Amino acid sequence: MLLNLYVANLTEYVKGNLVGEWLKLPLEEEELKEALNRISKNGQDELAIHDYEADFNIKEYDSITLLNELAWRVHDLEDWEGIALIAGIDYFGNSNIAYFQEALDAIEAGNFTYWCDIQDYSDLGLAVVDAGFYGEVPQDLIDYIDYEAIGKDYDSNSYGGVFLENHYCYIEFHNHS
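Residues numbered from 1 in each chain as written. Predicted model: local features only at pLDDT ≥ 70, side-chain atom pairs only at ≥ 80, totals over all residues. Heavy atoms only, no water.

**Topic: the environment of Ile107**
For the record, the criterion: The secondary structure listing takes helices from DSSP runs of H or I that are at least 4 residues long and strands from runs of E that are at least 2 residues long, numbered from the N terminus. Exposure is judged per residue with a 1.4 Å probe applied to protein chains only, and the accessible area is read against the type maximum: over 50% gives exposed, under 20% gives buried, and values in between give partly exposed.
Residue position: Ile107 is located in helix H5 (residues 97-109). Ile107 gets classed as buried once you look at its relative accessible area, which sits at 2%. Sequence separation between Ile107 and Leu23 is 84 residues; the distance between their C-alpha atoms is 25 Å.

Below you can see the structure in the form of structure tokens.
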């Protein structure tokens, strides 16, 4: 997951000078400290985030240290957990760090259901039935089940199901406050 920040020296910016650097997170703690000291003239000047590349919104004065910590947590995820995180961002919202952190916490705690290869509502309905949500279905009724309708119903009545663009996974988050 991409997390790049353009960190600017705010004092210099106010004077009309562009002093700053793109930081590709995560960085080792010492590397981050050196970069921030370089940009802020050894802590003499205030810093601000003036641009970013991320899957969630970042504000000008968000904590760069916290963002780096979150980037390390994302770095440590398995590939399939990264896919779940993208769905979590969509579910919880991408409006700020708190929602991103909530999605990441849910992934790390295992508070979600992950069904991959769900291409459409029919696949989702089949997964729901196979998971036993309707109990055991008699074999002679299987050919008469409208899996697409079940998938649509489940999606519209669940909390947290997300179909991802270009890669279909169904994620349902549990214990969301």
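**Some details on the pattern of salt bridges**
Convention followed: Any carboxyl oxygen of Asp or Glu within 4 Å of a side-chain nitrogen of Lys or Arg constitutes a salt bridge here.
A full pass over the atoms with the stated rule returns 6 salt bridges. Between Asp105 and Arg73 there is a salt bridge whose closest N-O contact spans 2.5 Å. Of this pair, Asp105 sits in helix H5 while Arg73 is found in helix H3 (residues 64-75), placing the two residues 32 residues apart along the sequence. Note that Lys152 and Glu148 form a salt bridge whose closest N and O atoms lie 3.5 Å from each other. Taken together, the residues Lys152 and Glu148, both in helix H7 (residues 147-157) and 4 residues apart, mark about one turn of the helix.

**Focus: unusual backbone geometry**
Residue Pro26 is bonded to the preceding Leu25 through a cis peptide linkage, with omega at 10°. Looking at the secondary structure, you find Pro26 in the loop between strand S2 (20-24) and helix H2 (29-39). Phi is positive for Lys41, which is not a glycine, with a value near 55°. Here Lys41 shows up in the loop between H2 and strand S3 (47-53). Even without being a glycine, Asn42 presents a positive backbone phi close to 60°. You can see Asn42 is positioned in the loop between H2 and S3. Under the relative-accessibility criterion, Asn42 is labelled exposed at 63%.

**Things to note about the nonpolar core**
How we decide: Nonpolar cores are built from buried Ala, Val, Leu, Ile, Met, Phe, Trp, Tyr and Cys residues. Side-chain atoms within 4.5 Å join them into one set. Whether two residues are in contact is decided by their heavy atoms: any pair within 4.5 Å suffices.
Judged by nonpolar contacts, the single largest core of 31 residues is most densely connected at Leu5, Val7, Leu23, Leu25, Leu67, Leu85 and Phe100. Counting residues per element, the ones that place at least two in this core are strand S1 (4-9), H2, S3, H3, helix H4 (79-92) and H5. Sorting elements by how many residues they give to this core places H5 first, with 6 residues. With residues near it in sequence (within four places) discarded, Leu25 still touches Leu3, Asn4, Leu5, Leu32, Leu67, Asn68 and Ala71. The next biggest cluster of nonpolar side chains, apart from the first, holds 10 residues, and it includes Ile118, Ala127, Val128 and Val129.

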